[in-house]
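Structural overview
If you want the building blocks of each chain, they are given just below.
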Amino acid sequence: MGMLQQQGLHRTTVLTARTLLGRSSRCDLHISHPSVSGEHAVVSWDGESWTIRDLASRNGTLINGERLAPNENRVLKPEDRLHLGLYPVAWTVESVDAPVARALRVRGNGTMVMEEGMIPLPSANAPLAMIYTDPMQGWVLESLDEIRRVRDLEVVEVDGEAWRLHLPVEQARTVGGVPAVDGLADVALEFEVSADEEHVSLVAMVGLRRVSLGSRSHHYALLTLARQRLQDAEQPDMPESEHGWMYHESLMRMLRLSRGQLNLLVFRARKQLAELDIRDAQNLIERRPDSRQLRIGIGRLTVQRA
């Protein structure tokens, strides 16, 4: 993640996707000096690099001793030295790594950073909501009650707590030498279940590839949804669009899960498939927030005993 080091004071500022610098209390990096304008400059992530822009400040912004023109964007490099106005202490660019998505508690202290591709709120152990990126929609908030787009600096409320989101621009993911599959229509899942149902192994057929996904804690939940879809497929009068839907409460009761545990299993299942470079892996679990239902989003399923 991007970081600025204040020289002489050994104070580090971690950059968010948009970090406002200035004398105003609204600024992310607050500098109480009369020569610094209220909103003096802004450091932003554009998806590839960090840039700094002087916001037409009265006394200017200097990079390595060179004054920026008002509203000029300048790419930051490691070891660059920043001066704001006549403030005597400089900041050095310590890191230009990409920012990490995070949520900051609005009242009191507390930060949740992206973990395994999501920001779990209010905690990683029992997330009631998840913030993640969707290939089509961008940043999305998903809970058992809703799925909707969210934006950088938006404030969301989860379980009575307000969180401000810091969401960087996402770079398109590069697939190293392996062609991305069009979608879940090209995927089949094969479940292998032990006689006592204590172990569930999963294999994904992705185009011409056969990929073992091992035995994970979320596979039994996937198996339960797969069995429901296969059972519904045997009903001749039921349209495919209705196959496999289960109510959240029914699934949680069957598997003895809390809402947070169910959300965590859903995320882990999607993430495991996304690692195979499937563009619409988020649809592995489809949801109907209004009716509080979900189903497995793949129709090509087989279940066999080990």
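Before reading on, note that the structure itself is shown above.
Criteria and thresholds
- For every chain, the first residue of the written sequence is number 1, and numbering continues from 1 onward in sequence order.
- The model is predicted, so local features are restricted to residues of pLDDT at least 70 and side-chain atom pairs to those at 80 or more, both for listing and for counting; the totals for chains, interfaces and linings are taken over all residues.
- Computation of side-chain values covers all heavy atoms of the structure but excludes hydrogens and water.
- For the purposes of this entry, the term helix denotes a DSSP run of H or I that reaches at least four residues, the term strand denotes a run of E that reaches at least two, and both are numbered from the N terminus.
- Exposed residues in this analysis have more than 50% of their type's maximum accessible area, buried residues have under 20%, and partly exposed residues fall in between, with area computed by a 1.4 Å probe over protein chains only.
- Here, residues are in contact when the closest pair of their heavy atoms is within 4.5 Å.
- Strand pairing is assigned whenever DSSP identifies at least 2 bridges connecting the two strands.
- With axes taken as lines fitted to C-alpha atoms, and helix axes fitted only over the stretch in contact, angles between N-to-C directions fall between 0 and 180 degrees.
- To be clear, the arc concerns the directions from the helix axis to the C-beta atoms.

Focus on the overall build of the chain
Broken down by element type, the chain carries three helices and 26 strands. Across its three principal axes, the chain shows a C-alpha extent of roughly 75 × 45 × 35 Å. Counting across all 306 residues of the chain, residues that qualify as buried make up 45%. Within the chain, contacts between residues separated by at least 24 positions form 50% of all contacts whose residues are at least 6 apart in sequence.

Brief notes about the pairing of strand β12 (residues 102-105)
Note that β12 and strand β13 (residues 111-113) share three bridges and pair antiparallel. Residue pairing across strands places leucine 104 opposite threonine 111, the latter belonging to β13. Across four bridges, β12 lies against strand β19 (residues 161-166) in antiparallel orientation. Of the residues in β19, the one forming a bridge with arginine 102 is histidine 166.

What to know about the sheet that holds strand β21 (residues 200-206)
Read across the sheet, four strands follow the order β22-β21-β20-β26 without closing on themselves; strand pairing throughout is mixed. On the outer flanks of this sheet lie β22 (209-215) and β26 (301-305), each paired with one strand and no other. Sheet twist, expressed as the mean angle between neighbouring strand axes with direction ignored, is 20 degrees. The pairing of strand β20 (residues 187-193) with β21 spans seven bridges and is antiparallel. Opposite alanine 188, over in β21, you have methionine 205 as the bridge partner. Packing against the sheet, helix α1 (residues 219-233) makes contact with β20, β21, β22 and β26, and its axis sits at approximately 115 degrees to β26.

Describing helix α2 (residues 248-255)
If you check which residues of α2 are buried, you get His248, Leu251, Met252 and Leu255. Down the axis of α2, the smallest arc covering the buried residues is 100 degrees, so these residues share one side. Among the exposed residues of α2, those oriented more than 90 degrees off its buried face are Arg253 and Met254. Where α2 is buried, its residues meet α1, β23 (246-247), α3 (259-274), β24 (285-288) and β25 (293-296). Looking one or two residues past α2, arginine 256 carries a phi angle of roughly 55 degrees, positive in sign.

Concerning the environment of alanine 124
Within the secondary structure, alanine 124 is located in the loop between β14 (119-121) and β15 (129-134). Here the alpha-carbon distance between alanine 124 and methionine 114, two residues 10 residues apart in the chain, equals 9.9 Å. Leaving out residues up to four positions away in the same chain, alanine 124 has contacts with Met112, Glu115 and Leu264.

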